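# Summary of structural features
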Amino acid sequence: MTRRTLRHASGRLALAAGLLGALSLVVYAGVDLLPGDPATARLGPSSTPDQANQARERLGLDEPLAQRYWEWVTGLLRGDLGSSANGMPVADLLSGRLGNTAVLTGITVALLVPASLALGVSLGRRAGGRFDGAGSAALLLTVAVPEFVIASGLALVVAGRLGWLPAASLVPAGEHPLGHPEVLVLPVLSLLLVSLAYASRMIRAQTVQALRAPHIEFMRLNGMPERAILRQAVLPAVLPSAVQIWLISAAGLMGGTVLVEIVFNYPGIGGILVSSVRSGDLPVVQALAMFMGALTLLATVAADLIAAATGRTRST
Amino acid sequence: MSRRTSSADSRLVQATGPVTRRGILALLGLGAATLASPALSGCSSNGGGTPVASGVPTGAATRGGTLRLAFPGSGAADSLDPTVGQTSCDLVRYAIVFDQLFSFDNGTAQPSLATAAEPDAKGKNCTLTLRKGVTWHDGSPFTAADVVHTLKHRAAPDRVFPSELSQYFNLVAARRVDDHTVVIPTVKTVGDPATLLAGSGLYVIKNGARSFTVDDTVGTGPYRVTRFQAGVETQLERHATYWNGAGNAEKITLLSIEDPQARVNAVRGGQADYASDVSYSTAKSGAGGAGLQIRTGGEGLRTTYGFVLNVTRGPSADPRVRKAIRLGIDREALVKSVFLGFGAVANDLFGAGAQHFLDTVPVPEHNPGQAKELLKAAGADGKPFVVRTAEYEAGLNASAELFVEQLRGLGLKATLIKVGVTEGFDAEGMKACDALAFPLGPFSLALTYTRSAAYPTLALPDEELNRAVATAISTRSETERAAAWETAQQVMADRGNWVAWGRGDVLSVAKEKLTGIDGRESPKYPWLGKAGFVA
């Protein structure tokens, strides 16, 4: 690394820290401004206005927003995520589930990397041909479909009609999803199909661009075998962009997984996010939004740093 | 009193007859999505796919086996603490791990851990007589000290949900008289404490119990917790010395599955034996597998769907407008498009299925002509009318859309405000509407009438009504109470602010051989103490 890239990297990290601070404010205030009243939302139709007032007081909702934000953000710095509306520590609610979601996204990324590289490069090398035409059209179609539609389709067909795999990702209490690999297949497949379509299209475009470079033309004219050209010129040109694409895809998966987890009842953060938004459990929503936002931010910064280190601009 | 149906004769509904378009859609797995559209279902629901009722297995459940039952939970917020959870999955678990002092059966309060609750003549105290010979899961005997602790714990200010019982009883002042007698001072005169106690979700915990992990969750109920993971599942084992006869199934696993389609998929895929709270459109498309049934919770345990008119503002303040709306709406159309046939029209009263419910009040006849005249006479013709709805129950928003259409047809300038469930009971929002979509399960009349009166925008300020409700709650005479409830309901039928247009079935999908799913308080969270498989 040169001094210039080091300076660039530290600048980026400082910017990321500043953005995280801003993100925390946006997340806290934004979630607080969600329509509805967390007290009546929690107590439901069976509560009286008096009971709702008591609940508001107990949840600290009667204090000014600035004060609540300050308490929250200082707690966050100490690693204290606060307590959910029903009194459980938010960290306890999320801990096991974040791990389960990480398993899902981790496996997806591990499959995404080789699959998208192979698919993207082979389509790119055949650009304009019949294989590329059919492949690219299929990818475009898949990109346009939301993850939960694919997930519902897989649940209905592969699990419901064919009965090959479980329709619900039920993991016995106290056990880990990795101990029951069959419950991971359909959720991973749903996530993979969409992210694969996106990543392969981007890598295909990079390959096509790389193949147009004059030095590759020169290698070909000199009679170098295609495999060698691929290894020595095409892959080195494509990989830096591909890494950025994978990083962005991985961050994006966090959002897609929420919906996929709901469809399969996978015990990740998806269920918590949806149920806590529905019940107005603000501390949980704030912690999750902060976590997901921070992850996306860090992935983007990492992609930028890789671009700087390899002397390329970000291509996504 | 209306008859409730419990597990033994609860209804089975299934699509029969020759192959229909609906049957084919169900086969393709498209049923749910396609049939959700009221327009489509309206035109073909009278063919071979009309719901037909028959019976569930009538044989007794055999001993042994493991039941796996799926209920909607709240993800990681599921809790073993019986003062915290509110979802079906939580309530089902509490009901078999713990016992209440009284519990509902056939709409009336039945003795459970208490055998009697007697108010004294002056209305100052209530004496509870407790059941003898009951043991906790850890083998220790159940005594008055446990009940005193439960009442004090329930009333503590740091409980997540305040208890309605505090309106009637001074819970913290409860005291033990002897091992099987407890006295609770009352805040106001209570004539029928058993019904109030049965409807309050008061699960009795052991003396000293404060935290509820798998190891220290000890109840007196028919099953004890062996494993628990919030939002995933609870594993339970039979409590062999349960006072009311040990359960049939050896083990029960309660699956917490929030998404309705995922619950149904779990049963269809053989991962579960039962899924509760199935949508009407899914039910219409059939059980979806050999050996599976769509079941209803029974007629006495339907959910009443309606609208509460806000009499504090606008047109609804005029009784003529309230009457016009009742006469003008097309209940049959609402039932058809919202319940898809799994329900019936209602007589504008909430509380169907409860003791003293007045089902002799006829359903108002559909008379748009008279309705329009009444609106004109009240000067409400062409006036704005705001309807507010949130999807507290499946189909509530759809019902509000149709309701608004129908009101427009009567000449009101009706508009719809659709909000998320977190906003539904926002006080400011409620003040700004003329009608609020409102569903209510089969709760006791005391709950039905006191809860709606707590919100000014839901209440009917009527002296005769208030007097009758107060009498019904405070009198110790059963005949006087019955008469008071009749008066209160007659007032609501005559000039009330409820437009309760229909009652919808609570549906589930179950394996044919599964039996003993007992609706009790609500079919959404049945009692599973005697559930099992028939041979």
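The numbering scheme is per chain: residues are counted from 1 as the chain's sequence reads. Chain letters and ligand numbers both follow the written order, the letters beginning at A and the numbers at 1. Per-residue local features are limited, in this predicted model, to residues with pLDDT of at least 70; the limit for side-chain atom pairs, both in listing and counting, is 80 or more; totals at the level of whole chains, interfaces and linings are taken over all residues. Values reported for side chains reflect all heavy atoms of the structure, with hydrogen atoms and water molecules removed beforehand.

Moving on, we get to the overall build of chain A. Numbering of helices and strands runs from the N terminus, with a helix taken as a DSSP run of H or I at least four residues long and a strand as a DSSP run of E at least two residues long. Counting its regular elements, chain A contains 12 helices and zero strands. Taken from N to C terminus, the helices and strands of chain A fall in the order α-α-α-α-α-α-α-α-α-α-α-α. Judged by the C-alpha coordinates and their principal axes, chain A covers about 85 × 60 × 30 Å. Sorting the 316 residues of chain A into buried and exposed places 45% on the buried side. Only heavy atoms enter the contact rule, under which two residues are in contact if any of them lie within 4.5 Å. The long-range share in chain A, meaning contacts at least 24 apart out of those at least 6 apart in sequence, stands at 73%. Between buried and exposed lies partly exposed: a residue is buried under 20% and exposed over 50% of the maximum accessible area for its type, with that area taken using a 1.4 Å probe on protein chains only.

Across its full length, chain B holds 16 helices and 23 strands. For chain B, buried positions account for 59% of its 535 residues. Sequence separation of 24 or more characterises 72% of the internal contacts of chain B that already satisfy a separation of 6 or more.

A general tendency of soluble globular proteins is for nonpolar side chains to be buried together. Residue and element names in this part refer to chain B. Ranked by internal contacts, the top residues of the largest apolar core, which has 98 residues, are Leu-101, Leu-128, Ile-252, Tyr-449 and Leu-528. Looking at this core element by element, the count peaks at seven residues for helix α4 (residues 88–97). Ignoring sequence-local partners within four residues, the contact set of Ile-252 consists of Leu-67, Leu-69, Ile-96, Tyr-223, Thr-234, Gln-235, Leu-236 and Leu-528. Residues belong to a common nonpolar core when they are buried Ala, Val, Leu, Ile, Met, Phe, Trp, Tyr or Cys residues joined through side-chain atoms within 4.5 Å. By size, the runner-up hydrophobic cluster in this structure holds 51 residues, among which are Val-335, Phe-342, Ala-371 and Ala-414.

Further remarks concern the packing of aromatic side chains. Ring pairs (aromatic) are described by centroid distance and by the angle formed between their planes. For this analysis, a ring pair means two rings from Phe, Tyr or Trp (six-membered ring only for Trp) whose centres lie within 6.5 Å, classed as stacked if their planes differ by under 30 degrees, edge-to-face if by over 60, and tilted for the remaining angles. All told, the structure shown has 18 aromatic pairs over all chains when counted by the stated rule. Their ring planes at 65 degrees and their centres at 5.8 Å tell us that Tyr-28 of chain A and Tyr-69 of chain A sit as a pair that is edge-to-face. Placement of Tyr-28 of chain A in helix α1 (residues 3–32) and of Tyr-69 of chain A in helix α4 (residues 65–77) is noted, with a sequence separation of 41 residues between them. With respect to burial, Tyr-28 of chain A and Tyr-69 of chain A carry one shared label: buried. When the centroid spacing of 5.3 Å and the interplanar angle of 50 degrees are considered together, the rings of Tyr-242 of chain B and Trp-243 of chain B count as tilted. Aromatic ring contacts, followed pair by pair, group Tyr-280, Tyr-305, Phe-339, Phe-342 and Trp-501 of chain B into a single cluster. Only Lys NZ and Arg CZ are tested; either one counts as a charge over a ring when it is within 6 Å of the ring centre and within 35 degrees of the ring normal. Across from the ring centre of Trp-527 of chain B, 3.8 Å away, lies the NZ or CZ of Arg-520 of chain B, which sits over that ring.

Residues and elements named next belong to chain B. Within the fold, Thr-448 resides in helix α14 (residues 445–454). Residue Thr-448 is classed as buried on the basis of its relative accessible area, which comes to 3%. Any pair of nitrogen or oxygen atoms within 3.5 Å is treated as a polar contact; in protein, a donor-acceptor pairing is required on top of that, and neighbouring residues in sequence qualify only through side-chain atoms on both sides. Separated by 2.9 Å, the side chain of Thr-448 and the backbone oxygen of Ser-444 make a polar contact. The contact partners of Thr-448, leaving out residues within four places of it in the chain, are Phe-350, Gly-351, Leu-440, Phe-443 and Trp-498.

Right, let's get into a nonpolar patch on the surface. A surface patch of nonpolar side chains, amounting to about 230 Å² of accessible area, comprises Phe-148, Val-149 and Leu-259 of chain A. One can find Leu-259 of chain A in helix α10 (residues 226–264). Note on patches: the residues involved have over 30% relative accessible area and no salt bridge, like charges join within 9 Å, and the nonpolar side chains Val, Leu, Ile, Met, Phe, Trp and Tyr join within 5 Å. All accessible areas in this document rest on Shrake-Rupley with a 1.4 Å probe, and a residue is counted as covered only by the protein chains that are shown. Whenever Lys or Arg places a side-chain nitrogen within 4 Å of a carboxyl oxygen from Asp or Glu, that contact is recorded as a salt bridge.

What follows covers helix α3 (residues 49–58) of chain A. Residues and elements named next belong to chain A. Among the residues of α3, Gln-51, Ala-52 and Ala-55 are the ones counted as buried. All buried residues of α3 fall inside an arc of 100 degrees around its axis, so they share one side. Along α3, exposed side chains directed more than 90 degrees from the buried face belong to Asp-50, Gln-54 and Glu-57. Relevant arc is that of directions from the helix axis to the C-beta atoms, nothing else.

This part takes up the sheet that holds strand β16 (residues 343–345) of chain B. Residue and element names in this part refer to chain B. Here a strand pair is declared whenever DSSP counts at least two bridges between the two strands. If you trace the six strands from one edge of the open sheet to the other, you get β16-β20-β15-β19-β17-β18, paired in mixed fashion. Both edges of this open sheet fall to β16 and β18 (413–418), since each of them pairs with a single strand only. Neighbouring strand axes in the sheet, compared pairwise and without regard to direction, differ in orientation by 25 degrees on average. Note that strand β17 (residues 384–389) and β18 share six bridges and pair parallel. Bridge pairing links Thr-389 to Lys-418 in β18. To get an axis, a line is fitted to the C-alpha atoms, and for a helix only the part in contact is used. The angle between two axes follows their N-to-C directions and goes from 0 to 180 degrees.

Each regular strand displays side chains that alternate between the two surfaces of the sheet. Residue and element names in this part refer to chain B. Bridge analysis of strand β4 (residues 102–105) against strand β5 (residues 108–111) gives four bridges, and the strand direction is antiparallel. Within β5, the position partnered with Phe-102 by the bridge is Pro-111. Taking the residues between adjacent antiparallel strands as the criterion, β4 and β5 are bridged by two residues, where Asn-106 takes a positive phi near 55 degrees.

For the rest of this paragraph, the subject is the pattern of salt bridges. Residue and element names in this part refer to chain B. With the rule as written, the count across this model stands at 29 salt bridges over all chains. Among the salt bridges present, the one from Glu-428 reaches Lys-431, with a minimum N-O distance of 3.4 Å. Placement of the pair is Glu-428 and Lys-431 together in helix α13 (residues 427–431), with a separation of three residues, close to one helical turn. Its relative accessible area of 54% is what places Glu-428 among the exposed residues. Each of Asp-462, Glu-464, Asp-494 and Arg-495 takes part in one network of salt bridges that share partners.

Further remarks concern the interface of chain A and chain B. At the junction of the two partners, chain A supplies 44 residues and chain B supplies 46 residues. Buried area: the accessible surface (1.4 Å probe) lost by two parts on joining, summed over both. Taken over both partners, the interface formed by chain A and chain B buries close to 3700 Å², and the fraction arising from carbon and sulfur atoms is 56%. Linking chain A with chain B are one salt bridge, by the criterion used here. Here Glu-175 of chain A ties to Arg-227 of chain B by a salt bridge, and the two come within 3.8 Å at their closest N and O atoms. Where chain A packs against chain B, one counts seven residue pairs in polar contact (both at pLDDT 80 or more). If you list the elements that add at least two residues to the side of chain A that touches chain B, you get α2 (38–43), α3, α5 (90–125), α7 (147–161), α10 and α11 (269–278) of chain A. It is α11 of chain A that contributes the most residues to the side of chain A that touches chain B, five residues altogether. By residue class, the composition of the side of chain A that touches chain B is 22 nonpolar, 15 polar and seven charged. Think of it as three bins: nonpolar holds Ala, Val, Leu, Ile, Met, Phe, Trp, Tyr, Cys and Pro, charged holds Asp, Glu, Lys and Arg, and polar takes everything else, Gly as well.

It is worth stressing that arrangement in space is one thing and function is another; only the former is reported here.
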